[in-house]
Structure formats: structure tokens, C-alpha cells
Amino acid sequence: MSRRFPDHATLTYEVFYGAFLAGSGDIEWSKTPGGYRLDVRLHPVFGPRLGYSSQGSIGPNGLRPSHFEATRGDQVRETADFDWEAKVLTYGRGDKKTAPLEDGAQDVFSVAFQIALKGGKSLNKNVQVTTGKKVYHYPLSVVGDADVDVDRKIPAVLVRSLSDGDTVEFWIAPDYHNFPLRIRMQDSEKTIDMKLIRLKVGNEIRLERPKQDKSHNAN
């Protein structure tokens, strides 16, 4: 399998809120002229759809976001702008806040693809990460190997960050460009767990969970 990082991929997930299936979600990765774009769409069973977008450039050190925004329905909620020349991160909703912009800074979704793109070179560091609402430092570290079930057991590497009581975990698949097969985010109020059910790279479906037989009810 070629190790060249794909120009385009779509990852489809089931999204759990705690133990309950809350909906589905897609992450679309695209290389653009001189950079990248990430579009994240979450489709809850109840409530408005949620969206996130990240765009920026790609350089020797991986992804360099320029703009991130979060939407709820058709309304923009939080945004973040990365001014690399002035070294200023501007973020928030309404009254904007600023913070010194650190080398290697990411947004909450680009960080997963920075890991995919750079592999081990992105780990064992405190990475500045913004959700658009807050700014964190993610001390990313490898926990160990952990298989993930999709259409079969796929070897994965579990990467974890613990920061101020929050936990973020990525199960990345070395055999599939280090894409995240599972993403879990946990804080004091909630747990959001995204589990891959389909991976499409370019025009080719690489992984897809078999459709469940609805004629058999779960016990």
C-alpha cells in the first residue's frame, strides 16, 4: 500500500453520547492548492446539525491552520484565526479573546490529521489546541496498541491526551495512512465517542462495516 498521504478522504462515524447512539458524522479531508481543508459534519438523531471546518497550509512541519469555525444549524458559533506572522491566536464568539500563538498549534480536529500526517514526530509534545471556545495544551503520548473493529479487527495505535481533567483519545491506523478509526472526547460533563464505519480514500472504499441485519433484534 502506498504511504503517500491521500489528496482526499471521507471518514464516516457512528457518534455516541455516553453509551447512547446519538447520530452519525463525517470528516472530509481534502488537499487544496497550497494547503488543506477539513469539513466535519455531525448529524444528531435529535437537535440541529453541528459543523466544524478547518483550513490552512501544509508545510515541512505538517498542518498550519489559518481559520477554524464551529456552526450549529446555519449559525456560526465559535471561530479561531491563526495569525502566524504576528504570532496571535484570536478565538471565541462575540467578544473575541487572544492568546500567544505557539509553534505547531492546531484546532481540535486538525490535531488528529496532524498526527496522521506526521506520525510519531507529532507526539510526546505539549500541543496548543483550540476548540474556538477555549485554548488547551494537549500532551500527546502513545498508550499502546489497540485493535479497532470495523469490517474486521484493524491494528491501531492509541494516542491519548490528559489536560485539566479532560481526556482526548485517537485510535490511529498505520495501515490506513494513520487515519483515526476512533475518536473519544471526555470531560466532567459528557463523553463523545466517534467510531468509524466507513473509510473512502479518493474513489475507493477501503473499510466499511457490514450492514447489520435488522431482522434480528438485539437481546
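Scroll up for the structure.
These notes cover the structure that comes with them. Keep in mind that this is a model prediction, so the values were computed, not measured.

1. Thoughts on the layout of surface pockets
Here's step 1: Taken as a whole, the largest pocket encloses approximately 1,100 Å³ of empty space.
Here's step 2: Lining the largest pocket are 39 residues, with Tyr 52, Met 185, Asp 187, Lys 190 and Ile 192 sitting closest to its centre.
Here's step 3: Tallied by class, residues from the lining of the largest pocket come to 20 nonpolar, 10 polar and nine charged.
Here's step 4: In this structure, the second largest pocket encloses a volume near 420 Å³.
Here's step 5: If you go around the second largest pocket, you meet 21 residues; those closest to its centre are Asn 61, Asp 103, Gly 104, Gln 106 and Gln 114.
Here's step 6: When contributions to the lining of the second largest pocket are tallied by element, the ones reaching two or more residues are strand E5 (62-72), helix H1 (110-118) and strand E10 (125-130).
Here's step 7: A per-element tally of the lining of the second largest pocket places E10 first, with four residues.
Here's step 8: A breakdown of the residues in the lining of the second largest pocket according to their chemical character gives six nonpolar, nine polar and six charged.

2. What about the packing of aromatic side chains?
Here's step 1: The full count for this structure, using the stated rule, is nine aromatic pairs.
Here's step 2: Judged by centre distance (5.1 Å) and plane angle (45 degrees), the ring pair of Tyr 52 and Phe 109 falls under tilted. Note that Tyr 52 is positioned in strand E4 (residues 50-59) and Phe 109 in the loop between strand E9 (106-107) and H1, a separation of 57 residues in sequence.
Here's step 3: The class for Tyr 52 is buried, based on a relative accessible area of 17%.
Here's step 4: Judged by relative accessible area, which is 9%, Phe 109 ranks as buried.
Here's step 5: Every member of this aromatic cluster is reached through a ring pair, and the members are Phe 5, Trp 29, Tyr 36, Phe 113 and Phe 179.
Here's step 6: In this structure, Arg 182 packs its charged tip against the face of Trp 171, placed 4.4 Å from the ring centre.
Here's step 7: Looking at Lys 195, its charged tip hangs above the ring of Phe 16, at a distance of 4.8 Å from the centre.

Thresholds applied
- Residues numbered from 1 in each chain as written.
- Predicted model: local features only at pLDDT ≥ 70, side-chain atom pairs only at ≥ 80, totals over all residues.
- Heavy atoms only, no water.
- 1 Å grid on protein atoms, 1.4 Å probe; cavity = no way out; pocket = protein on both sides within 12 Å on 5 of 7 lines; lining within 4 Å.
- Points joined across faces, edges and corners; volume = space filled by probe spheres on them.
- Nonpolar A, V, L, I, M, F, W, Y, C, P; charged D, E, K, R; others polar.
- Helix = DSSP H or I, 4+ residues; strand = E, 2+ residues; numbered from the N terminus.
- Phe/Tyr/Trp six-rings, centres within 6.5 Å; stacked < 30°, edge-to-face > 60°.
- Buried < 20%, exposed > 50% of the residue type's maximum accessible area, 1.4 Å probe, protein only.
- Lys NZ or Arg CZ within 6 Å of the ring centre and 35° of its normal.

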